[in-house]
Amino acid sequence: MINIKNSVSFLRNQPSFVQQLFVNLLLAPTIIKLTTNAPTSSAMNLFENNSLSTVEIIQNNGYDVEIHNVITADGYILELHRIPRSKRGQEPTRNHPILIHHGILGTSADWVLAGADKSLPMQLADDGYDVWLANCRGNTYSRKHISMTYKQKSFWNFSLHEVGKYDIPATIDYILSTTNSTQLHYIGYSMGSCVFFIMASERPEYQPKIRSQISLAPVAFLSNTRSSLRFMAPYAKMLNVVFHRMWKGMFMPQSGMQRFMASTICRERITQKMICEKCIIFSVCGSDPYHFDTKLIPLIMGHFPAGTSSNLAAHFAQFILKDTFGQYDYGRALNLRHYNSTEPPTYNLKSIRVPITLIYGENDILADTTDVLKLRAQLPMVLDAFPAKSPYFNHVDFLWSTHVTEQINNPVKEILQKTDNLGWTYTGTAATAVPVNAAVPVHRPPNQMQLNPVPGIMNLAPGLEFFAENLDAIIASTMPQPVDERDAAVFEREREQQKLLFGGVIRFAQAAEKKYGQLKEEITNEITGWADDVATGAETRVKQTAVLVNGKIALAGHSVVGAVGKAENFVVGGVGKAEQSVAMGIGKAHNYVNYGLNKADRAVGNALNATVGRVSRVFWFWK
């Protein structure tokens, strides 16, 4: 019988390739190939179940799919989803496989839930590529470890740094080994691009393994973000502590409430537009009233968010607050222990020698154009950098726009077709990157207001008054630039709707805060009065008790004295009676003895006389 504890101990001490071999053998039954002969013609068919898995969605679209498991150097088991051939069953014809990585709180499902008409991975599989979809540690599909469970606090002790340093290299090695390739293409969306930059900076030995890299809505610098997340960033440190204490560091996993919202609130037209679209999506990612596919919202909410660690979310918040692309900030004291410095080191983007293409959205309020250009200035080998053709393209349009094929997928195919050629080499200038402040500034139109909070506000948690006073500017900063008169009317209506929605939320929060203050004051007064009453009553009861106790003690003393006197009399009387009884007994004993002696004397005398008589008669007979 196998000793599991010894096996785990053995694995911890073995090289990563031995660990990988063990996990492959252990999980061999789950490395499966799934096929279907019943393709789905439309993504709308998937709405019957808004929580279908990635595998089921790919199957329903008529593609073969495989599940693979890969282990990282620090023991996390990641689930990869592979589309090994085209919808028609054609084997890959391209020279290099493709690894595609999701964004924060996402999974591989994000790439396929819109159906084959919009899915980049499915279209690339039809184009002859061997496509692999990543799932980083902590999401719905990658919550296993060789020695821990996701219910342990230590499981969630990771940030973006660990995803880039361990998850991506392990995945790359596995794909290259499985496909017998020496290089692969990497496509990263949002966080998927961020962790690639971390990997390339921290693990430079992996740079030669990358044929080309394409960043969609790239994220590294975030100080210019106009997303509502900028106002949540100052709270990140406090929230991180709360998540560690209450949920062991787990952050926004899939839940029953999420599925409820997906199947109810986000299905109804009014609540879908006002809550799920404007409040949740557009306030974070940017407004696109024309091209965002609102019909997908129930399906999106059925898969997103998919969970990560609160440390990883806090790491993103640090990018917003610090205007640097650096390692996780543990605080000045712990930074000294981890980095031998009070500040965490920054990632060396200038060291990345990989051909990179940056594709961004001009209406992406999360990955703002200014920050993208700042990133471009730091990368030595930028193959190309360009915005999506639509000026309304926001952060999630890279996945779920109705025009995603024309705007994103087709340009990506063109880039891959060029770089996948075995004879292709990068011919651009691999010069030393220019300083960050040399990035080309972005001049925003006058009517696209840019919010400039008071100095220091980004390092302090803003109150409700700040949001109420700056609501117009906040909403205006998230709106795209109108192109024609129709746009102006549509965006003005959109702005008024958001102002109405968020204004109502702020007023409700202010009322709740006021009511909470009043309630808190009332409760405080009530508790104070109760405490005073209790103290006064307790003092009175103590005095009463003292008098009662003293009385009881006196009464008890009298009772004891009386009892002792009675006991003495009882003992003396008992002794006298005992003496009399003894004397009477002794007298009776004397009488009994004398009477017995007299009877004994008479009996002995009679016996002697009788004996003498018999002796005399004997002597007479002999004569």
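Residues numbered from 1 in each chain as written. Predicted model: local features only at pLDDT ≥ 70, side-chain atom pairs only at ≥ 80, totals over all residues. Heavy atoms only, no water.

1. Examining the overall build of the chain
Threshold: Note on conventions: DSSP H or I runs of at least 4 residues are helices, E runs of at least 2 residues are strands, and numbering of each starts at the N terminus. Each residue's exposure class comes from its accessible area (1.4 Å probe, protein chains only) as a fraction of the maximum for that residue type: buried when under 20%, exposed when over 50%, partly exposed otherwise. Two residues qualify as a contact provided that any one of their heavy atoms is within 4.5 Å of a heavy atom in the partner residue. Each accessible area value is a Shrake-Rupley result obtained with a 1.4 Å probe; residue values ignore everything except the protein chains displayed when judging cover.
Each helix and strand in the chain was counted, giving 19 helices and twelve strands. Residues classed as buried in the chain amount to 47% of the 623 residues present. Sequence-distant contacts, at least 24 apart, represent 78% of the contacts inside the chain between residues at least 6 apart. Summed over its atoms, the accessible surface of the chain is roughly 31900 Å², and 59% of this surface lies on carbon and sulfur atoms.

2. Quick word on the packing of helix α5 (residues 160-179) against helix α6 (residues 191-202)
Selection rule: Lines fitted to the C-alpha atoms define the axes, with helices restricted to the stretch that makes contact. Angles between their N-to-C directions range from 0 to 180 degrees. Note on terminology: angles under 35 degrees are roughly parallel, angles over 145 are roughly antiparallel, angles of 65 to 115 are roughly perpendicular, and the others are oblique. Under the grouping applied here, Gly and all other residues not named as nonpolar or charged are polar, the nonpolar ones being Ala, Val, Leu, Ile, Met, Phe, Trp, Tyr, Cys and Pro and the charged ones Asp, Glu, Lys and Arg.
Relative orientation of the contacting elements α5 and α6 amounts to 80°, with a least axis distance of 8 Å. Judged by the angle between their axes, α5 and α6 are roughly perpendicular. Side by side, α5 and α6 meet where Leu160, His161, Val163, Gly164, Ile168, Pro169 and Ile172 of the first sit next to Met191, Cys194, Val195, Ile198, Met199 and Glu202 of the second. Considered class by class, the residues forming the contact of α5 with α6 number ten nonpolar, two polar and one charged.

3. As for the side chain of Thr54
Looking at the element boundaries, Thr54 is found in helix α3 (residues 54-60). Excluding its chain neighbours within four sequence positions, the residues that come into contact with Thr54 are His81, Ser108, Ala109, Val112, Leu133 and Tyr141.

4. Topic: the pattern of salt bridges
Short version of the rule: Basic side-chain nitrogens of Lys or Arg form a salt bridge, by our definition, when they fall within 4 Å of a carboxyl oxygen of Asp or Glu.
Throughout the structure, instances matching the rule amount to 16 salt bridges. Residues Asp74 and Arg137 are paired through a salt bridge, measuring 2.8 Å at the closest nitrogen-oxygen approach. Here Arg137 lies in the loop between β5 (131-133) and β6 (144-145) and Asp74 lies in the loop between β2 (65-71) and β3 (76-83), a separation of 63 residues in the sequence. Residue Asp74 is classed as partly exposed on the basis of its relative accessible area, which comes to 26%. Look at Arg137 and you get buried, because its relative accessible area is 0%.

5. Things to note about the environment of Leu124
Mapped onto the secondary structure, Leu124 falls in helix α4 (residues 120-126). Residue classification places Leu124 among the buried residues on the basis of a relative accessible area of 0%. Spatially, the C-alpha atoms of Leu124 and Arg85 are 9.6 Å apart, while their sequence positions differ by 39 residues. Ignoring sequence-local partners within four residues, the contact set of Leu124 consists of Ile98, Ile100, Tyr129, Val131, Ile187, Lys413 and Leu416.

6. Structural notes on unusual backbone geometry
Positive phi outside glycine occurs at Ala217, with the angle close to 50°. Along the chain, Ala217 turns up in the loop between β8 (210-216) and α7 (229-232). Of note, Asn340 is a non-glycine position whose phi angle comes to about 60°, a positive value. Note that Asn340 resides in the loop between α13 (332-339) and β11 (356-360). In this structure Asn340 comes out as exposed when scored by relative accessible area, which is 68%.

7. Quick look at the packing of helix α8 (residues 236-247) against helix α12 (residues 310-322)
Pairs of packed helices are described in terms of their axes, by the angle between the two and the distance that separates them. In the contact formed by α8 and α12, the axes pass within 9 Å of each other and the chain directions differ by 180°. Judged by the angle between their axes, α8 and α12 are roughly antiparallel. Along its contact with α8, which presents Ala236, Asn240, Phe243 and His244, the element α12 presents Ser310, Asn311, Ala314 and Ala317. When the residues that make up the contact of α8 with α12 are grouped by side-chain class, the tally is four nonpolar, four polar and no charged.

8. Some remarks on the pairing of β3
The side chains of a regular strand alternate between the sheet's two faces. For clarity, the threshold we go by: In this scheme, strands are said to pair when DSSP sees at least two bridges between them.
In terms of burial, β3 is a largely internal element, eight of the eight residues being buried. Bridging between β2 and β3 involves six bridges; their strand directions are antiparallel. What sits directly across from Glu66, in β3, is Arg82. Counting the residues in the hairpin turn of β2 and β3 gives four residues, including Gly75, whose phi is positive at 95°.

9. Section: the pairing of β2
In terms of residue burial, β2 counts as a mostly covered element, since seven of its seven residues are buried. In β2, alternate side chains face the same way, and those of Val65, Ile67, Asn69 and Ile71 on one face and Glu66, His68 and Val70 on the other are all buried.

10. Comments concerning a nonpolar patch on the surface
Stated precisely, the cut-off is as follows: For patch building, the residue pool is restricted to those with more than 30% relative accessible area and no salt bridge; the joining distance is 9 Å between like charges and 5 Å between nonpolar side chains (Val, Leu, Ile, Met, Phe, Trp, Tyr).
A cluster of nonpolar side chains, namely Met238, Leu239, Val242, Met246 and Trp247, defines an oily patch on the protein surface of about 480 Å² accessible area. Among the secondary structure elements, Met246 is positioned in helix α8. Residue classification places Met246 among the exposed positions, given a relative accessible area of 56%.

11. Regarding the nonpolar core
Basically, it comes down to this: Buried residues of nine kinds, namely Ala, Val, Leu, Ile, Met, Phe, Trp, Tyr and Cys, make up a nonpolar core once their side-chain atoms join them within 4.5 Å.
The biggest cluster of nonpolar side chains holds 59 residues, and the ones touching the most others in it are Leu160, Ile172, Phe196, Phe197, Phe316, Phe325 and Leu379. Put simply, the parts of the chain that give this core at least two residues each are β3, α5, β7 (184-189), α6, α12, β11, α14 (369-378) and β12 (382-387). Each residue touching Phe196, except ones within four places of it in the same chain, is listed here: Tyr186, Ile210, Gln213, Val354 and Ile356. Membership of the second largest hydrophobic core comes to 47 residues, among which are Val112, Leu133, Tyr189 and Phe398.

12. Concerning the packing of aromatic side chains
Stated precisely, the cut-off is as follows: Between the rings of Phe, Tyr and Trp (Trp by its six-membered ring), a pair exists once the centres lie within 6.5 Å; its type follows the angle of the planes, with under 30 degrees stacked, over 60 edge-to-face, and the other angles tilted. Charge-over-ring placement is defined geometrically: NZ (Lys) or CZ (Arg) within 6 Å of the ring centre, and within 35 degrees of the ring normal.
Counting across every chain of the model gives 16 aromatic pairs. Connected via pairs of aromatic rings, a cluster forms that spans Tyr76, Phe155, Trp156 and Phe158. Cation over ring: Arg137 sits above Tyr76, and NZ or CZ is 3.9 Å from the ring centre. The residue whose ring lies beneath Arg137 is Phe158, and the NZ or CZ to ring-centre distance is 5.6 Å.

13. Quick notes on the side chain of Asp420
The criterion, for reference: N or O atoms within 3.5 Å of each other form a polar contact, as long as, within protein, one can give a hydrogen and the other can take it, and as long as residues adjacent in sequence are counted only when both atoms are side-chain atoms.
Looking at where Asp420 falls in the secondary structure, it is placed in the loop between α16 (404-419) and α17 (464-469). Polar side-chain contacts of Asp420 include one of 2.9 Å to the side chain of His96. A polar atom in the side chain of Asp420 sits 2.9 Å from the side chain of His185. Once you skip the residues sitting within four places of it in the chain, Asp420 turns out to touch Arg94, Asn95, His96, Tyr129 and His185.

14. Quick word on the environment of Ala333
Position of Ala333 relative to the elements: it lies in helix α13. Along the primary structure Ala333 and Glu343 are separated by ten residues, whereas in three dimensions their C-alpha atoms are 9.5 Å apart.

15. Some points on α6
For clarity, the threshold we go by: Expected span, for any helix, means 1.5 Å times one less than how many residues it has.
In a regular helix each residue adds 1.5 Å, so twelve residues correspond to 16 Å; α6 covers 16 Å between its end C-alpha atoms and thus fits that length. The buried count for α6 comes to eleven of twelve residues, which makes it a mostly enclosed element. For α6, the complete set of buried residues consists of Met191, Gly192, Ser193, Cys194, Val195, Phe196, Phe197, Ile198, Met199, Ala200 and Ser201.

16. Some thoughts on the confidence of the model for the chain
Under the convention used in this document: As a per-residue measure, pLDDT reflects the predictor's confidence and takes values from 0 up to 100.
Looking at the chain as a whole, its pLDDT mean stands at 78, while 64% of the residues score no less than 70. Note that pLDDT drops below 50 for residues 431-459; the model gives that stretch 52 contacts with residues more than four away or on any other chain.

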